[in-house]
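Each chain, letter by letter, is given below.
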Amino acid sequence: MEAGINAHRKKTVCLVSLGCPKNLVDSEVILGYLQQNGFRITTRREAAEIIIINTCAFIEGATQESLQAIFESAQYKKRGKCRILVVAGCLPQRYRDALRKELPEVDLFIGTGELHRIAGLIDRFENHSLMNGMQVGRPDFLLDHGTPRLLSTPSYTAYLKIAEGCSNACSYCLIPSLRGKYRSRKTNSILKEAEALARRGVKEINLISQDTTLYGKDLRDGSDLTSLLKSMVHIPGIEWIRLLYCHPEHLSGELISLMAEEKKICSYLDLPIQHVSSSILKRMNRRGNRRELGRTLSRLREKIPHIALRTTVMVGFPGETEEEFHELMHFIEEVKFDHLGVFRYSREEGTPAAKLKKQVSQRTKDKRHNLIMKTQSLISLKKNQERIGSHIPVLIEEQVPHKGYRLKGRASFQAPEIDGLVYLTRGKAQIGENVEVKVTGASEYDLIGEVV
Ligand code: SF4
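Residues numbered from 1 in each chain as written. Predicted model: local features only at pLDDT ≥ 70, side-chain atom pairs only at ≥ 80, totals over all residues. Heavy atoms only, no water.

In this structure, L207, M232, L269, L300 and I372 are the most contacted members of the largest nonpolar core, which totals 65 residues. Listed in part, the 50 residues of the second largest apolar core include L31, L130, Y268 and A429. (Core = buried A, V, L, I, M, F, W, Y, C linked by side-chain atoms within 4.5 Å. Buried < 20%, exposed > 50% of the residue type's maximum accessible area, 1.4 Å probe, protein only.)

Right, dumping it as structure tokens:
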């Protein structure tokens, strides 16, 4: 526990959370520790005496977004109530001391391994007993069920981080250096947190980590994702369990069988494949090839016919030829994913791929990105149209009294924030309620329906 904790803690804090759901959980942990130490939380930067930006920096685009949020927040220091500006997360973890010169308006930098020390660090900064405003160490923090956490998602849904870090070492990725090696939480700790979330009214649990399918392997005590899920499905109150960030190489037959049997486990899988060309996968330091990926996906669809598949692909990886790109396009046209995201390769200093020859031009990356998005939008529209007339379970999220709609929600085949929505034109339901809906219309990414 940091020395010098004092009465100043009644200060008001606003946190801006950037990046992925894994970073959102870190933001909730930061707010949990601050609230536990008596700080008051506000969502308005103009009302905050302390502003914290929990940053993302795994690719250039994310770094720019983080810098933009820091510059904007620094304005509140000049013109608002803000006295202390804190930058946490992947940006300080990546750039460390180089940031000091770039960002003189920032008072405190906190790395991904120091989240649990934030309250004490702010106090020491305030009473001038903190010598070094750059608090970035080894990225080895791992939350557990006792870690304070202030949920920021709606009351009926929550992310549950089951592991931290990554040891897969894909050649284009900085995450292992920002988050440390893969480390699973203990199964009991995860189950205790899931029970606590269910007691608070959470119905949908989204399991996250850098590689959710690798869960437990590093514990070498027989823990794995399948045994974790076998216990989690028995927690009363939980209705949907969703698996995000799975890896095609670590998908087991047991897991697929359990997903087929257990109704509470959503027939949904987020399975980033990145590419299908074996030469590119090799240069990405990822194993597998088109045939193996095809077999894995057919096996999934055989066992779970209505499974919704989400994936992420990357275009413009160094050396990607037209031929290799078209191999990926054909695979996407063949497999017809329900949801698909496309990244343009981003040359990140410090990664092996950044040293590769034949870097692809931005113009070619944009062209390939747009071609895949166009193809996928047609696939998604057709799949949504095929759902017209069917009945689906929908988790109601919001009242939307406009454009002839009454409510909106998500089906079990739609993950929060990244997939489409279901807009309801008729019927009554409460927010957070899981209701049966008849699909009456479809667009590229969304559905229209009526509560049955
Ligand atoms: S699996 Fe690969 S891309 Fe994903 S976080 Fe790990 S190293 Fe990065």
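This next bit is on the site of the ligand. Neighbouring the ligand are C166, N168, A169, C170, Y172, C173, I175, P176 and Q210. Here the shell around the ligand is composed, by residue class, of 7 nonpolar, 2 polar and no charged. (Near = heavy atom within 4 Å. Nonpolar A, V, L, I, M, F, W, Y, C, P; charged D, E, K, R; others polar.)

Let us look at the domain arrangement of the chain. Quoted interface sizes are often the accessible area lost when the parts come together. Domain boundaries in the chain define domain 1 (7-135), domain 2 (157-385) and domain 3 (391-451). The distance between the C-alpha centroids of domain 1 and domain 3 comes to 36 Å. (Domains from an automatic or database assignment.)

Bringing the side chain of R45 into the picture now. As for its position among the elements, R45 is in the loop between β2 (40-41) and β3 (50-55). A distance of 2.7 Å separates a polar atom in the side chain of R45 from a polar atom in the side chain of S73. Leaving out residues up to four positions away in the same chain, R45 has contacts with C14, V16, I51, A69, E72, S73 and Y76. (Helix = DSSP H or I, 4+ residues; strand = E, 2+ residues; numbered from the N terminus. Polar contact = N/O pair within 3.5 Å; in protein donor to acceptor, adjacent residues only side chain to side chain. Contact = heavy atoms within 4.5 Å.)

Here we come to the pattern of salt bridges. Enumeration according to the criterion identifies 30 salt bridges in this entry. A salt bridge links R283 to E324; its shortest N-O distance comes to 4.0 Å. With R283 in helix α10 (residues 278-283) and E324 in helix α12 (residues 322-335), this pair connects stretches of sequence that are 41 residues apart. Residue R368 is joined to E320 by a salt bridge in which the shortest nitrogen-to-oxygen separation is 2.8 Å. Here R368 is found in helix α13 (residues 362-386), whereas its partner E320 is found in the loop between β13 (308-315) and α12, with 48 residues between them in sequence. Classification of E320 by relative accessible area gives buried; the value is 5%. Taken together, the shared-partner salt bridges connect D26, K161, E164 and R179 into one network. (Salt bridge = Lys/Arg side-chain N within 4 Å of Asp/Glu carboxyl O.)

Here the focus is the pairing of strand β16 (residues 407-411). Along β16, 5 of the 5 residues are buried, which leaves the element largely enclosed by surrounding structure. Here strand β15 (residues 391-399) pairs with β16 via 5 bridges, running antiparallel. Its bridge partner lying in β16, I396 is registered against G409. Pairing of β16 with strand β17 (residues 422-426) involves 3 bridges; the strand directions are antiparallel. Among the inter-strand pairings, L407 is bridged to a residue of β17, identified as L424. (Pairing = 2+ DSSP bridges.)

This paragraph deals with the packing of helix α9 (residues 253-261) against helix α11 (residues 290-303). Relative to each other, α9 and α11 sit at 30°, their axes nearing to 9 Å. With respect to α11, the element α9 is oriented roughly parallel. Note that α9 runs across α11; the crossing there is right-handed. In contact with G253, I256, S257 and A260 of α9, α11 contributes R299, L300 and K303. Classifying every residue of the contact of α9 with α11 gives 3 nonpolar, 2 polar and 2 charged. (Axes fitted to C-alpha atoms, helices over the stretch in contact; angles between N-to-C directions. Parallel < 35°, antiparallel > 145°, perpendicular 65-115°, else oblique. Left-handed = near helix turned anticlockwise from the far one by under 90°.)

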